[in-house]
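# Working through the structure, step by step
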Amino acid sequence: MPREIALLDALMPTLILAFIAALLLYWLLDKVLVWLGVYQFIWYRALFRLSLFSCLFCALGLLIY
Amino acid sequence: MKDLYKHILRISLTLMIVAVAIILGHMLWVRYMDSPWTRDGRVRADVVNIASDVSGLVTEVVVRDNQFVKKGDLLFRIDAERYHHSLEEAEARLQQRKITLALKRGQSTRRAMLDDQVISREDREDSDLVTLAAKADLDQALAERDHAKLNLQRTEVRAPVDGWVSNLLVRPGDYAQAGAAKLALIDQKSYWVYGYFEEHKLHLIHLNDPVEIRLLGTDIVLKGHVESIARGITDRDNPTDVRLLANVNPSFNWVRLAQRVPVRVHIDEIPAGVELVAGMTCSVIVHPAS
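Residues numbered from 1 in each chain as written. Chains lettered and ligands numbered in written order. Predicted model: local features only at pLDDT ≥ 70, side-chain atom pairs only at ≥ 80, totals over all residues. Heavy atoms only, no water.

Put simply, the rule is: UniProt positions are given in the numbering used here, feature names are shortened, and annotations may be inferred rather than shown by experiment.
As annotated in an unreviewed UniProt entry, chain B carries the name p-hydroxybenzoic acid efflux pump subunit AaeA and is attributed to Methylobacillus rhizosphaerae. Note on chain B: under the UniProt heading Sequence similarities (unreviewed entry), the record states "Belongs to the membrane fusion protein (MFP) (TC 8.A.1) family."

As named in an unreviewed UniProt entry, chain A is DUF1656 domain-containing protein, taken from Methylobacillus rhizosphaerae.

### Some thoughts on the UniProt feature "transmembrane region" (unreviewed entry) in chain B
The test is simple: Labels follow the DSSP assignment, with helices taken as runs of H or I lasting at least four residues and strands as runs of E lasting at least two, numbered in each case from the N terminus.
The positions that UniProt labels "transmembrane region" (unreviewed entry) are, in the present scheme, residues 7-29 of chain B. Across residues 7-29 of chain B, the secondary structure splits into 100% helix and 0% strand, with the terminal C-alpha atoms separated by 33 Å.

### What about the packing of aromatic side chains?
All names here are of chain A. For clarity, the threshold we go by: Paired rings are identified among Phe, Tyr and Trp, the last through its six-membered ring, by centres lying within 6.5 Å, and are further divided according to the angle between planes into stacked (under 30 degrees), edge-to-face (over 60) and tilted (the rest). Each residue is assigned to one of three classes by its accessible area relative to the maximum for its type, calculated with a 1.4 Å probe on protein chains only: buried under 20%, partly exposed between the two thresholds, exposed over 50%.
Inspection of every chain in the model, using the stated rule, returns ten aromatic pairs over all chains. Residues Trp-43 and Tyr-44 carry aromatic rings whose centres are separated by 4.7 Å and whose planes lie at 45° to one another, so their mutual orientation is tilted. For Trp-43, a relative accessible area of 32% translates into the label partly exposed. Here the aromatic cluster, defined as three or more aromatic residues joined through ring pairs, consists of Phe-19, Tyr-26, Phe-53 and Phe-57.

### Focus: the sheet that holds strand S14 (residues 281-286) of chain B
All names here are of chain B. Defined as follows: Strands qualify as paired when DSSP identifies two bridges or more between them. Helix axes use the C-alpha atoms of the stretch in contact, all axes being lines fitted to C-alpha atoms, and the angles between their N-to-C directions lie in the range 0 to 180 degrees.
Overall, antiparallel pairing links the six strands, which are arranged S1-S10-S13-S12-S11-S14 in a closed barrel. Strand-to-strand twist in this sheet, taken as the mean axis angle between neighbours without regard to direction, amounts to 40°. Relative to strand S13 (residues 260-269), strand S10 (residues 192-198) runs antiparallel, the two being bridged by seven bridges. Its bridge partner lying in S13, Phe-197 is registered against Val-261.

### What about the interface of chain A and chain B?
Applicable threshold: Only heavy atoms matter for contacts: two residues are in contact if any of them lie within 4.5 Å across the pair. Accessible surface is computed with a 1.4 Å probe, and the buried area is the amount of it that two parts give up when combined, taken over both parts together. For this analysis, a salt bridge means a side-chain nitrogen from Lys or Arg found within 4 Å of a carboxyl oxygen belonging to Asp or Glu.
Residue-level contacts link 23 residues of chain A with 24 residues of chain B. Overall, the association of chain A and chain B removes approximately 2,300 Å² of surface from exposure, summing both partners, and the carbon and sulfur fraction of that is 73%. Of all residues in chain A, the largest losses of buried area upon contact with chain B belong to Arg-3, Trp-43 and Leu-62 of chain A, amounting jointly to 29% of the total for that side. At the boundary of chain A with chain B, the tally comes to zero salt bridges.

### As for the confidence of the model for chain B
Note the cut-off: Known as pLDDT, the predictor's per-residue confidence is scaled from 0 to 100.
For chain B, mean pLDDT is 91; residues scoring 70 or higher make up 100% of the total. Within chain B, helix H1 (residues 2-34) of chain B has the poorest average pLDDT of any element, 88, and strand S4 (residues 68-69) of chain B the best, 96.

### Here we look at unusual backbone geometry
Positive phi, normally seen in glycine, also occurs at Asn-208 of chain B, with a value near 70°. Here Asn-208 of chain B is to be found in the loop between S10 and strand S11 (210-215).

### Some words on the nonpolar core
What counts is decided by this rule: The term nonpolar core refers to a set of buried residues drawn from Ala, Val, Leu, Ile, Met, Phe, Trp, Tyr and Cys, joined through side-chain atoms within 4.5 Å.
Judged by nonpolar contacts, the single largest core of 24 residues is most densely connected at Leu-15, Phe-48, Leu-52, Phe-57 and Tyr-65 of chain A together with Leu-28 of chain B. Listing elements by their share of this core, those giving two or more residues are helix H1 (15-36) and helix H2 (45-64) of chain A together with H1 of chain B. For this core, the leading source of residues is H2 of chain A, giving nine residues. Not counting residues within four places of it along the chain, the set of residues in contact with Phe-57 of chain A comprises Leu-15, Ala-18, Phe-19 and Ala-22 of chain A together with Leu-28 of chain B. Counting 20 residues, the second largest nonpolar core, distinct from the first, contains Ile-213, Val-263, Ile-267 and Val-286 of chain B.

### Points about the UniProt feature "transmembrane region" (unreviewed entry) in chain A
All names here are of chain A. Per the UniProt entry, the sites bearing "transmembrane region" (unreviewed entry) are residues 7-29 and 41-64 in this numbering. Its end C-alpha atoms 27 Å apart, residues 7-29 is made of 65% helix and 22% strand. The span residues 41-64 carries 83% helix and 0% strand; its end-to-end C-alpha distance comes to 33 Å.

### Remarks on H1 of chain A
Residues and elements named next belong to chain A. The criterion, for reference: A helix is expected to span 1.5 Å multiplied by its residue count minus one. In this context, the arc is that of the directions from the helix axis out to the C-beta atoms.
Taking 1.5 Å per residue, 22 residues should reach 32 Å; H1 reaches 30 Å between its end C-alpha atoms and fits that length. Every buried residue of H1 is listed here: Leu-15, Ala-18, Ala-22, Tyr-26, Asp-30 and Leu-33. Buried residues in H1, looked at end-on, bunch into an arc of 105°, giving them a common side. Exposed and facing more than 90 degrees away from the buried side of H1 are Leu-24, Trp-27, Leu-28, Lys-31 and Trp-35.

Pasting the structure below:
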């Protein structure tokens, strides 16, 4: 996997792709978790959501690099 | 009691995912910032500056721009007429010195046979030395002849290595000054890559570590290994002034830019069909051997 991609001829880190993919994944996962009612077992929901997104983004990033 | 368990579960679930996020974030940060790779790589090649060894008008340029030439191929020709004349002059002088030597030798042998009644002893003794001097003159003329021959040979400027002529600007009619570079020749076998690594990444790089080179904006991957690491770069913060005093740049205390140190990468493998051009930009990724 190349470490940078050309986006409209501008060279960007592939991490940007990982970021967008993580956003989509997070959005889907969040829907599923709401549907399952997992959030009633969560202390601070905002903190949980932020951490969930971070986990997804970092895991994707680690796959690339 | 059940509420307490539920509360503990809620808190621990949340804290667990926060901890995992922090650990993953830290791993990504380390991988991204501290692994030895750089976007600032350049393909380089040795360039020979071709200059003529003798001065004169350029009469003929036999190569085209970007042409591949073999070692020893003719590049351009300098007007040889003047050098022909000097060779003839040197030949003539050589001839003259030969005759002079024969003359002096004859005199010397003749004088050796005469006795003191006819010729003074001084004259007789000197005649030997005069012959020797004439011999030395002959040797000098010989060397001058060879010199003139060499100059004539050097009016043909030839390629010292296999490679490509680059940015050919010399034209017939130009005046070529001896020693002044007239064209550039890129050595075919000399391509290498310079990776400019941040100084804090240098300790991660070792000699002979395998290297991956990616040319800018393409999927082309070249393989290589670390050949050497530069042992010095300019201290940009400390130029000297005209009175030789230090002129230290005031710098920010907080934000410091890491300087770049060149790491020389030997190219081991080029995919078929890829033509390297000196000056190309590339990403250099070192895979530490251990």
